[in-house]
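Residue-level listing of the chains:
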Amino acid sequence: MEDLLAARLQMALSLGFHIVFACIGIAMPVFMAFSEWRWLRTGRQAYLDVAKAWSKGVAIFFAVGAVSGTVLSFELGLLFPEFMKHAGPIIGMPFSWEGTAFFVEAIALGVFLYGWKKLNKWVHWISGIVVGISGIMSGIFVVAANSWMNSPTGFVWKDGKATEIDPVAAMFNDAWFSQALHMTLAAFVATAFAVAGVHAFLLIKNRKIEFHKTALKIALSFGAVAAILQPLSGDISAKDVAKRQPAKLAALEAHYKTSTHAGFVFGGIPNNKTEQVDYAIHVPGLLSYLAHGDFNAEVIGLDKFPKEERPPVVITHVAFQIMILSGCLLALAGLLFIIFSTRWKNILSKKWWLVFIAWLTPIGFIAVEAGWTVTETGRQPWIIYGVMKTKDAVSTMPGLQYSFYSIMAVYVLLTIIIIWLMRKHIARLQTDYPSAKIETE
Amino acid sequence: MLQIIIIILAVAFILYTILGGADFGAGILEIFAGRRGERTVSKAIAPVWEANHVWLILAIVIIFTGFPLVYATLSLSLHIPLMVVLIGIVLRGTAFTFRYYDVSPDKTHKYFTSFFEISSFITPFFLGITLGAMILGDIPPDNAGSFSERFILPWFNLFCVAMGLFTIAIFGYIAAVFLTGEAKNTPEQRKYSRLSKIFLSSTFAMGLLVFLSAEYNNRHLLADFFGSVLCIISFSLVILLIPVIFYLVNHPKTIYLRIAIGAQVALIIFGWFAMQFPVIIFEKGGTHLTFYNTQAPYATLYQLFIALIVGLILIVPCFYFLFKVFKGSDE
Ligand code: HDD
Ligand code: HEM
Ligand code: HEM
């Protein structure tokens, strides 16, 4: 395997692995704190049980999130030393703030997970809130670093070196807001639907268990709101990409020829030879509208870029379609949930609804992985957009594929163990938590 | 400002060595202390290990933000040992957590335990090797030369192996002392107290080996050592603390013991810093990387400085709270 390819795959694998745990680390503390708050207010046992059972399961995810994040902070240098040599001083600031947020998060988490018995109830609850806030903050800071790669500002590039560095300007780059917003929402969407799916699945077997009903309701309430907001935020992202990275926009839409009144392409497989998208549905004018807010606006196509500066079109386009489809599906589910809970409450315990929610379990995370593929692959061949190419940043050490294989082996092993442990954890719910017993209600 | 950043980096490094060292060391000791030990070890580590290892992340972030060339050089030339460290960190943290949270123990616990113990052993070894390579000065500037000159020989030599063993010994020593304070019943306490003596002697033996092998590898550390007054002073203090520590091991208030061992480790590292300041990485041919010739531009250091100060203001009370909740009252 070529070293550049190995490095990119390893980076993608490690980030794709970490992001799952990062999303859980952002959203779960909020869900747990919410459930605990309901318990503090109502005194209903099920809320306490849910908060406790979640925190026990989540501890495992936190640990994996922490170690896989540590891997990343070394890997950026191990794989792309030339990138970090120049980018470190520029994006170091968000990373140092992120470090602060991690610290607070790790400490508050220790207090939350182990302090159930030792602390005053409200102090314990506040520690949960602190975990949630610092988790969201750390997500926003890392995304600031990534958005700088998409929209590099805050320095002057002279003779292969960055001068006149302004870390504050670099952090608040043009892509920062849209990416941070979209990512934070994504964490909530993906985690909420995954959690809801699992509890819905368990409810299918026995629709009376109060524990799962409570958990499902909390997860879906958060999920519904976030999922409805997500396409709106995605629209902001798309308009933003159109402005700052026209090559990425053209690639994710497989828009080969610059044109006015440009059509939106649903589905299909881009064909780089004929520069057509096979098997796709075209909606005339829609792309111009989505990208620039005007049906007749000109949308720059791939033809404006030399071949060696075009991102891989097929991967970017397909990943984008997957994200859109998932986004629409989840937004629909969210909308239905809101309608049913205000009008037709009894539908929420119908089997077909639970089956529908159970099927949605992986969709949010699929959207997250697809979205990152769009962002990162759509930036290629640049590692810092317009400034440094990925091939110039990669480590000069030969044999990088062996690093990749070992990391892959470790992560595959971990994935298997985590799934197995979660199944064990779920199997024990009944014996450990009063409200999870079959005969309640 | 640069000075304060360097001090915070040093403090992060020292705290990682003490707290992370106690963590890793606990895994090393578990090999010797058996099943009963497993429970004490788990109870002692579980609430704090994530917070402890954030010191490492802090150190890394300070290095890649403030001294980017150091980070780039390390991660290029020492790719192989660092990869091993990373995999070790992953396996250790996850195996420990899996074992701790998996409430219904079965056969897999044995596997988790072996992963935990083996990676607790290997990770410090390669951490030590990495540090050794920074001190030894066989890293070629500009990464020139053959594959083995660039990526193998800088860390694969007697001196670096000695550094690895030294790291294992000192981590084991820290953990044994900590756990002596942690263990409740007397036979177990006696076991840890015995282990702490064994690991203390090994630490000295390995320390000696480090200096001897340095001479063997043409790095005249002894001369550097005796050339630095600060180094000699801190070494004397380290020796003076040994009887104090063995007195405090039986003292009912464990906090004094912790302070004493913390001071001892801090002094060892301080002595090392004093010996080589301001050099961070020694390179072949004398073009060493120092704090001064690798520092980031002023604007970056300034922002880093602010983030660190605000961070400290937030973190110190939080940490105090965490330790108070879990360690203060011995239940
Ligand atoms: C649950 C997850 C999820 C869902 C339902 C959606 N997205 Fe998304 N999307 C992400 C999760 C995500 C992400 C993984 O979080 C990304 C990667 C980088 C980022 O900032 O967010 C992303 C990136 C991303 C980008 C690229 C941004 C950039 O490169 O800066 C665009 C244009 C969109 N999204 C657009 C959409 C649209 C129009 C959606 C409508 C249905 C949508 N996304 C749903
Ligand atoms: C601060 C956050 C991030 C940073 C600094 C970062 C950095 C990088 C770097 C250095 C590369 C290699 C160069 C390249 O091929 O473009 C890369 C590639 C990649 N990253 Fe990110 N990344 C970040 C966030 C993420 C996240 C969260 C994901 C999630 C899954 C992700 C997915 C990918 C993928 C899929 C690639 C491979 C791109 C390709 O094959 O072309 N990135 N990223
Ligand atoms: C956009 C992508 C990312 C997001 C949203 C994100 C978010 C998070 C969150 C929420 C956590 C806490 C996880 C938990 O407690 O389980 C975490 C952990 C961590 N992340 Fe990421 N992260 C991203 C990418 C990265 C990258 C690129 C790096 C490294 C350069 C990184 C380094 C870390 C580290 C070191 C930790 C462990 C902190 C600890 O021990 O508490 N992350 N990340």
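Refer to the structure presented above.
Heads up: these notes are all about the structure in this document. (Residues numbered from 1 in each chain as written. Chains lettered and ligands numbered in written order. Predicted model: local features only at pLDDT ≥ 70, side-chain atom pairs only at ≥ 80, totals over all residues. Heavy atoms only, no water.)

Side note on the overall build of chain A
Then step 1. In terms of helices and strands, chain A carries 14 helices and ten strands.
Then step 2. For 441 residues, the compact-globule formula gives about 22 Å, and the C-alpha radius of gyration of chain A, at 23 Å, lands near that figure.
Then step 3. For chain A, the spread of C-alpha atoms along the principal axes amounts to about 70 × 45 × 40 Å.
Then step 4. Counting contacts in chain A only where the partners sit at least 6 residues apart, residues at least 24 apart contribute 77% of the total.
Then step 5. Of the roughly 18000 Å² of accessible surface on chain A, 67% is carried by carbon and sulfur atoms.
Then step 6. Averaged over its 37 positive side-chain charges, chain A has a centre that lies 13 Å from the centre of its 29 negative ones. (Helix = DSSP H or I, 4+ residues; strand = E, 2+ residues; numbered from the N terminus. Rg over C-alpha atoms; globule rule 2.2 N^0.38 Å. Contact = heavy atoms within 4.5 Å. Areas by Shrake-Rupley, 256 points an atom, 1.4 Å probe, with all protein chains shown as cover. Lys, Arg positive; Asp, Glu negative; His and termini not counted. Charge placed at Lys NZ, Arg CZ, Asp CG, Glu CD.)

Overview of the coordination of the iron atom of ligand 1
All names here are of chain A.
Then step 1. Distances from the iron atom of ligand 1 to its protein donors, His-182 (NE2) and Met-323 (SD), fall within 2.0 to 2.3 Å.
Then step 2. One can describe the donor arrangement at the iron atom of ligand 1 as octahedral, given that its six donor atoms subtend angles of 82 to 179° at the metal. Separated by 141 residues along the polypeptide, His-182 in helix α6 (residues 176-205) and Met-323 in helix α10 (residues 313-342) bring together distant segments of the chain.
Then step 3. A relative accessible area of 18% means that Met-323 is categorised as buried. (Donors = N, O, S within 2.8 Å, 3.2 Å for Na, K, Ca; no water. Tetrahedral: all angles 85-135°; square planar, octahedral: opposite > 155°, others 65-115°. Buried < 20%, exposed > 50% of the residue type's maximum accessible area, 1.4 Å probe, protein only.)

As for the site of ligand 1
Residue and element names in this part refer to chain A.
Then step 1. For ligand 1, the set of nearby residues contains 23 residues, the closest of which are His-182, Arg-244, Lys-248, Met-323 and Val-368.
Then step 2. Residue Lys-248 places a side-chain N or O atom 2.7 Å away from an oxygen atom belonging to ligand 1.
Then step 3. Residue assignment for the shell around ligand 1 shows that the elements contributing at least two residues are α6, α7 (210-244), α10 and α12 (363-377).
Then step 4. With seven residues, α7 is the single largest residue contributor to the shell around ligand 1.
Then step 5. The residue makeup of the shell around ligand 1, split by class, is twelve nonpolar, nine polar and two charged. (Near = heavy atom within 4 Å. Polar contact = N/O pair within 3.5 Å; in protein donor to acceptor, adjacent residues only side chain to side chain. Nonpolar A, V, L, I, M, F, W, Y, C, P; charged D, E, K, R; others polar.)

Section: the coordination of the iron atom of ligand 2
Then step 1. For the iron atom of ligand 2, the protein contributes exactly one donor atom, Glu-376 of chain A (OE), at 2.0 Å.
Then step 2. With respect to the helices and strands, the residue Glu-376 of chain A is situated in helix α12.

Notes on the packing of aromatic side chains
Any aromatic ring pair is given by two values, namely how distant the centres are and how the planes are angled relative to each other.
All names here are of chain A.
Then step 1. All told, the structure shown has 33 aromatic pairs over all chains when counted by the stated rule.
Then step 2. Grouped by ring-pair contacts, the aromatic residues Phe-31, Phe-34, Trp-37, Trp-54, Phe-188 and Phe-222 constitute a single cluster.
Then step 3. Here the basic side chain of Lys-389 rests over the ring of Trp-382, its NZ or CZ set 5.0 Å away from the ring centre. (Phe/Tyr/Trp six-rings, centres within 6.5 Å; stacked < 30°, edge-to-face > 60°. Lys NZ or Arg CZ within 6 Å of the ring centre and 35° of its normal.)

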